[in-house]
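# Residue-level structural notes
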Amino acid sequence: MARTRPRTTAPEPDGALWDQGEPAPEPESLEDLLAELDELVGLDGVKRDVNGMVKLMQTVRMREEAGLPAPPLSRHLVFAGNPGTGKTTVARLYGRLLHGLGLLSRGHLVEVDRSSLVGEYVGHTGPKTTEAFLRARGGVLFIDEAYALAPAGAGNDFGTEAIATLVKLMEDHRDEVVVIAAGYPGDMDRFVSSNPGLSSRFSRTLLFADYSSEELVSIVEHHAQRHQYELTEAARRALTAHVGTIPRDAGFGNGRTARQLFQAMTERQAMRVAELTSPDSAQLMQLDEHDLL
């Protein structure tokens, strides 16, 4: 059987937020979900870690069904990596996997950041954090740029109250909500260390490495295939050379950079094709080296 082309880890629209009165969705097949994970571009270490956690959770379920005590198991995770490395995509898949394992009732993802949790005045942060947390009941609360709740050098900051509220809610609803805190690797160490309750609950960190040049080209090709474009061999060579020259500095966006490259190529191709008289389907689909620069 031919292998499916790897998927990009470009961000997707937020998962649906189900009303608590609605029926829970049917669990998806673990085999299908793990295959979907495997099709993502790159992320070898993350895939290995997630597969290992799934096996651990399956064993825990078997022990419970056999009447044996379950070992300590923390499902909360830290996702450490630069922007555009697929953290949100994997978080969404993780929730669906836990739903498939029967460990979450819905498996949906609620994405928040500091502005979603921290209030503007005294007494506002606790209720605001609680409301966001409870929307994730049965699923995953994904806190993007979680380190912003514990800013470096900040003294009296409302983020501290948000963290304290989260710690209590994670304990009160430990079987209902999985929390994933995401952000830059160094900053996430500061976040976890900011409260003893966090360090005891976030015992596992998944590292999301930057994409290699070859992986970025694969992501561009995935976008092209998805939108019914085809790169010529010359375009592929030019793209590979161009990606290799992109500085890997603070402005580098990983998967977002690949998506921007694809968009720029389609815009240049549109201007080029508009000059043709009655272009055929092949010409409308083809991206060549002139569409890159």
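Anyway, here's the lowdown on the structure attached to this text. Keep in mind that this is a model prediction, so the values were computed, not measured.

### Some details on helix H6 (residues 158-172)
- Compared with an ideal rise of 1.5 Å per residue, which puts 15 residues at 21 Å, H6 spans 21 Å between its outermost C-alpha atoms and is within 8% of the ideal.
- Listed in full, the buried residues belonging to H6 are Gly-159, Ala-162, Ile-163, Thr-165, Leu-166, Val-167, Leu-169 and Met-170.

### Looking at the environment of Ala-224
- Checked against the element boundaries, Ala-224 lands in helix H9 (residues 213-226).
- Each C-alpha atom, one on Ala-224 and one on Arg-259, is 9.7 Å from the other, the two residues being 35 residues apart in sequence.
- Once residues lying within four places of it in the same chain are set aside, the contact partners of Ala-224 are Tyr-229, Leu-231 and Phe-262.

### Concerning the pairing of strand E1 (residues 77-81)
- Summarising burial for E1: 5 of the 5 residues are buried, a large majority.
- Going residue by residue along E1, you find Leu-77, Phe-79 and Gly-81 tucked away on one face and Val-78 and Ala-80 tucked away on the opposite face as well.
- Of the pairings in the sheet, the one linking E1 to strand E4 (residues 178-183) comprises 4 bridges and is parallel in character. Opposite Ala-80, over in E4, you have Gly-183 as the bridge partner.

### Here we look at the sheet that holds E4
- With parallel pairing, 5 strands are arranged side by side in an open sheet as E2-E3-E4-E1-E5. Looking at strand neighbours, the two that pair on one side only are strand E2 (109-112) and strand E5 (205-208), the edges of this open sheet. Strand-to-strand twist across the sheet, computed as the mean angle between neighbouring axes with direction ignored, equals 20°.
- Strand direction decides the pairing type here: E1 and E5, joined by 4 bridges, are parallel. Across the sheet, Phe-79 pairs through a bridge with Leu-206, a residue of E5.
- Against the sheet, helix H5 (residues 125-135) touches E2, strand E3 (140-143) and E4, its axis set at about 150° to E2.

### Some details on the packing of helix H2 (residues 44-65) against helix H3 (residues 87-100)
- Where H2 meets H3, the axes come as close as 11 Å, and the angle between the chain directions of the two elements is 15°. Classified by the angle between their axes, H2 and H3 sit roughly parallel to one another. Here H2 and H3 pass one another in a crossing that is right-handed. Two secondary-structure elements touch here, H2 through Val-46, Val-50, Met-53, Val-54 and Met-57 and H3 through Val-90, Tyr-94, Leu-97 and Leu-98.
- Across the contact of H2 with H3, the residue classes break down as 9 nonpolar, no polar and no charged.

About the cut-offs
- Residues numbered from 1 in each chain as written.
- Predicted model: local features only at pLDDT ≥ 70, side-chain atom pairs only at ≥ 80, totals over all residues.
- Heavy atoms only, no water.
- Helix = DSSP H or I, 4+ residues; strand = E, 2+ residues; numbered from the N terminus.
- Expected span 1.5 Å × (residues − 1).
- Buried < 20%, exposed > 50% of the residue type's maximum accessible area, 1.4 Å probe, protein only.
- Contact = heavy atoms within 4.5 Å.
- Pairing = 2+ DSSP bridges.
- Axes fitted to C-alpha atoms, helices over the stretch in contact; angles between N-to-C directions.
- Parallel < 35°, antiparallel > 145°, perpendicular 65-115°, else oblique.
- Left-handed = near helix turned anticlockwise from the far one by under 90°.
- Nonpolar A, V, L, I, M, F, W, Y, C, P; charged D, E, K, R; others polar.

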